[in-house]
Amino acid sequence: GAGADPADRRRARAQLVGAVAMSAMWITVVVWAVSTHANAVMQKQETGGTIVNISSVSGHRPTPGTAAYGAAKAGIDNLEDAFVRLIGSEEGLHA
């Protein structure tokens with residue numbers, strides 16, 4: 001509250017920032033792992049397939065109270081762009 005010790009508020013804020021960063025990182029790691037597995041399966045098929053990453057404007061426009069969500073969406077956007085640059089559109093990847 002308003003009368004809380006400033007050191008306590010700083011510690012709480014640091015813990016929140018750490019939790020948000022870890023949440024966003026783990027969400028991005030999971031998306032990477034699932035996408036990598038899906039790509040491996042599709043490479044073995046004759047017809048290939050499609051991976052659809054769903055993001056939102058929150059990955060580009062921060063909104064108070066949605067830091068973990070926005071950071072995760074920004075991570076997914078970046079991961080998708082990296083896949084396209086790494087593997088290329090000649091393999092059917094599009095961002």
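Turning next to the overall build of the protein chain. For the protein chain, the count of helices and strands is 2 helices and 0 strands. Buried residues in the protein chain amount to 20% of all 95 residues. Contacts in the protein chain between residues far apart in sequence, at least 24 positions, make up 39% of those at least 6 positions apart. Surface summary for the protein chain: the accessible area is close to 7,000 Å², and the carbon and sulfur share equals 62%.

Here we take up the packing of helix α1 (residues 6–44) against helix α2 (residues 67–87). Helix-helix packing is characterised by the crossing angle of the two axes and by the distance between the axes. Remark: α1 packs on α2, axes separated minimally by 8 Å, with the N-to-C direction vectors making an angle of 35 degrees. Considering the relative orientation of α1 and α2, their crossing is right-handed. Of the residues in α2, those touching α1 at Val20, Ser23, Ala24, Ile27, Thr28, Val31, Trp32, Ser35, Thr36 and Asn39 are Ala67, Ala68, Ala71, Ala72, Gly75, Ile76, Leu79, Phe83 and Ile87. Grouping the amino acids of the contact of α1 with α2 by side-chain chemistry returns 13 nonpolar, 6 polar and no charged.

Turning our attention to the environment of Ala72. With respect to the secondary-structure elements, Ala72 resides in helix α2. Judged by relative accessible area, Ala72 falls into the buried class, the value being 4%. Measuring from C-alpha to C-alpha, the distance between Ala72 and Met22 comes to 9.8 Å, with 50 residues separating the pair along the chain. Residues in contact with Ala72, not counting those within four places in the same chain, are Ala24, Ile27 and Thr28.

What counts as what
- Residues numbered from 1 in each chain as written.
- Predicted model: local features only at pLDDT ≥ 70, side-chain atom pairs only at ≥ 80, totals over all residues.
- Heavy atoms only, no water.
- Helix = DSSP H or I, 4+ residues; strand = E, 2+ residues; numbered from the N terminus.
- Buried < 20%, exposed > 50% of the residue type's maximum accessible area, 1.4 Å probe, protein only.
- Contact = heavy atoms within 4.5 Å.
- Areas by Shrake-Rupley, 256 points an atom, 1.4 Å probe, with all protein chains shown as cover.
- Axes fitted to C-alpha atoms, helices over the stretch in contact; angles between N-to-C directions.
- Left-handed = near helix turned anticlockwise from the far one by under 90°.
- Nonpolar A, V, L, I, M, F, W, Y, C, P; charged D, E, K, R; others polar.

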